[in-house]
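The chain contents come next:
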Amino acid sequence: MTTDVDVPKAGNTESIVHRILSLRTRRPVSIIFFYWVVLVMCVGIATYPTGKRLAQEAADGAITTYIFVLPFLAAVAAQGIARRRAGELPIHDRQTDIIVGGLALLAAVAIKALWVPRYVEQYQLSHLDVLAGLVFFLGAAILLFGLRPVGRFWSVWLLLLALSPLGYRMVAITAGGSRFAYGAVLVLLAGLAGAIAVGRTFRRALAGFVCTVATGFVILAAMLAKWPNLHIAWLQLIPTVGATAVVGIGFYLAARRGQSLRPLSRPVAPVTAKRSLSSAVTVVVASVILFVIPIPAQTVISSTPGPPGPASAPLIVPDGWTQTGTENFDWVRSYFGQKSSLNRQTMRADEGNPAWDLQSRPRTVVVDVLTTTNRASLGVYPESTLYRLSNTRSSEALPVKLGHDVVGSLYTSVSDALLLTWTKLVFTWVRGEFTQRVTVISVDNHDPGADFPQPMPSMASNLGTSLAIFLRGNTIATDDDPDYKDLGLLTTFGTALVAAQWGAK
């Protein structure tokens, strides 16, 4: 409902603003509360499947617990901006609000419906559905509150964007991938939230950042010293929440010395954007659409019991094969935990087989054994992420029974750059507290010194492949007409390798 306003002939801007606000505000607290109830409920509906999956991953030992800290950090930063909010001119363009907010909702639906299915293998690594939820939150807020009020909190939106699952992992891995590194990254981001909250001036913002980070590091270090094996979820939650709460309350009390401690010391400013029932309905409908769009199935890590003996010992070489070399790769600790290891054993057949090579040349395979106590990390980093393979097309996997209830997956990878085809046989088993993923690789170049894919940190190349898939589709990474030439070789070798671990002849 609108009301005509008599504008004074004399230019008194403050009087005009006051009169317009008084006409447009009836019970502003009730209206804002209603908008927030609608917004929170719709965000909860839209992100429920994602939140449920994140909770399951966190329970399995993944580092995704930190995402549940985001609402708290955002609230800490946003309340500081809101308390500094001066009288806002009632200038708005509802058509612009609807256009921008509607485009954001469409983008959220497109991310979850189109992007997520393209990156099924990297789903747990990138969690693009989290990005879809954030974009939905932004679009819904614009439709309900208007573009200008939402834009005042631009720093909070940037903070939430910086806490994407992929970005968080990349920074933590670069810092060493330890439990302290994962907690420290969140403490630094909590420092940014504290700086935004208290940043009336640059000096106050810097002081808020330094105090929050220092407090968070003290709490984190103390927790690791007292409980070195504490679940990583607590290392993410307690230092972050504790530091921001302590510093925020301290700055608030210091700023209100000798004054009222009421959190709202002045009247609540009303929503300047016109109320729109259609906008609210659009938000509700979009939330339901996001809710029904499915997310990829949860990755199931095999729990097949492994062979007896220590997991640290190398695999026993099967009869008819000779080990010609070994190699260790320490970089996997940053990805799979400080107790993880990756060992490569190169094995060569004692005799040639015309079924495997027309010239009966003895074939060579490599066996990469990844050992970790963090089973959840195997779902986050699939087998292909162990190797830096760009311009490579992979086939569908074939199940291969290897005995002792061990079932492997066999697929081919074609390198268009090297003109080589690798065949991989992958299987997983559990040995005590450790889970081992074994990858047996052959190459279609049977000459000595043939190139095998080398295990190495591959985050950069994976991002490049992801960008290429985004631009050109999944077809550039899929081999639709595979030739499983080494199916017999790897099936025979894999069966003998598994049998050898139990001492079978």
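Residues numbered from 1 in each chain as written. Predicted model: local features only at pLDDT ≥ 70, side-chain atom pairs only at ≥ 80, totals over all residues. Heavy atoms only, no water.

S.K.: Explain the packing of aromatic side chains to me, please; I cannot follow it from the model alone.
M.R.: Where two aromatic rings form a pair, the distance of their centres and the angle of their planes describe that pair. Going through the model one piece at a time under the given rule, you end up with 15 aromatic pairs. Judged by centre distance (5.3 Å) and plane angle (65°), the ring pair of F137 and W157 falls under edge-to-face. Residue F137 is found in helix α6 (residues 128–145), and its partner W157 is found in helix α8 (residues 154–162); the two are separated by 20 residues along the sequence. Among the residues examined, F137 registers a relative accessible area of 24% and is labelled partly exposed. (Phe/Tyr/Trp six-rings, centres within 6.5 Å; stacked < 30°, edge-to-face > 60°. Helix = DSSP H or I, 4+ residues; strand = E, 2+ residues; numbered from the N terminus. Buried < 20%, exposed > 50% of the residue type's maximum accessible area, 1.4 Å probe, protein only.)

S.K.: Explanation requested: the packing of helix α4 (residues 94–118) against α6 in the structure shown.
M.R.: Across the interface, α4 lies against α6 with an axial gap of 8 Å and an inter-helix angle of 165°. Taken as axis vectors, α4 and α6 run roughly antiparallel relative to one another. In this structure, α4 crosses over α6, and the sense of that crossing is left-handed. Classifying every residue of the contact of α4 with α6 by side-chain character gives 18 nonpolar, 3 polar and 4 charged. (Axes fitted to C-alpha atoms, helices over the stretch in contact; angles between N-to-C directions. Parallel < 35°, antiparallel > 145°, perpendicular 65-115°, else oblique. Left-handed = near helix turned anticlockwise from the far one by under 90°. Nonpolar A, V, L, I, M, F, W, Y, C, P; charged D, E, K, R; others polar.)

S.K.: Just to check I follow, could you spell out the layout of surface pockets for this structure?
M.R.: Empty space among the atoms becomes visible once a probe the size of a water molecule is rolled across them. One number sums up the size of the second largest pocket: a volume of about 870 Å³. Around the second largest pocket, the lining comprises 33 residues; the ones closest to its centre are G61, F336, T373, N374 and R375. At the level of elements, α10 (179–198), α14 (333–336) and α15 (375–380) are the ones that each hand at least two residues to the lining of the second largest pocket. Broken down by class, the residue content of the lining of the second largest pocket amounts to 13 nonpolar, 14 polar and 6 charged. (1 Å grid on protein atoms, 1.4 Å probe; cavity = no way out; pocket = protein on both sides within 12 Å on 5 of 7 lines; lining within 4 Å. Points joined across faces, edges and corners; volume = space filled by probe spheres on them.)

S.K.: Sorry if this is basic, but what is going on with α8 here?
M.R.: Residues lying three or four places apart along an α-helix face the same way, a consequence of the helix completing one turn every 3.6 residues. Among all positions of α8, only S155, V156, W157, L159 and L160 are buried. For α8, the elements touching its buried residues are α3 (70–83), α6, α7 (147–151) and α10. (Contact = heavy atoms within 4.5 Å.)

S.K.: Even after reading the chapter, I still don't get the confidence of the model for the protein chain, so can you show me in this structure?
M.R.: Atom-level detail of predicted coordinates should not be read off regions where pLDDT is low. For the protein chain, per-residue confidence averages 83 on the pLDDT scale, and residues scoring 70 or more make up 83% of the total. Under a pLDDT of 50 for its full length, residues 16–25 has, in the predicted model, 16 contacts with residues more than four places off or in other chains. (pLDDT = per-residue confidence, 0-100.)

S.K.: Can you walk me through unusual backbone geometry in this structure?
M.R.: Positive phi outside glycine occurs at H127, with the angle close to 45°. You can see H127 is positioned in the loop between α5 (123–126) and α6. One non-glycine residue, D405, lies in positive phi territory at about 65°. Examined against the element boundaries, D405 turns out to sit in the loop between β5 (398–403) and β6 (406–415). For D405, a relative accessible area of 67% corresponds to the exposed category.

S.K.: What should I look at first to understand the nonpolar core in this one?
M.R.: One finds F136, Y182, F336 and Y381 to be the most contacted residues of the largest nonpolar core, which totals 82 residues. At 12 residues, α6 tops the list of elements feeding residues into this core. Apart from residues lying up to four places away in sequence, F136 is in contact with C42, V43, A46, L105, A108, V283, A286, S287 and L290. Grouped together as the second largest cluster of nonpolar side chains are 22 residues, L315, A349, V369 and V498 included. (Core = buried A, V, L, I, M, F, W, Y, C linked by side-chain atoms within 4.5 Å.)

S.K.: I keep staring at the packing of α3 against α10 and nothing clicks. Help me out?
M.R.: Direction vectors running N to C along α3 and α10 enclose 15°, while the axes themselves pass 7 Å from each other. Comparing the axis directions of α3 and α10 gives the class roughly parallel. Classified by chirality, the crossing of α10 by α3 is left-handed. Taken together, the residues of α10 that come into contact with α3 (itself represented by L73, V76, A77, Q79, G80, I81 and R83) are A190, A193, I196 and A197. Split into classes, the residues belonging to the contact of α3 with α10 amount to 8 nonpolar, 2 polar and 1 charged.

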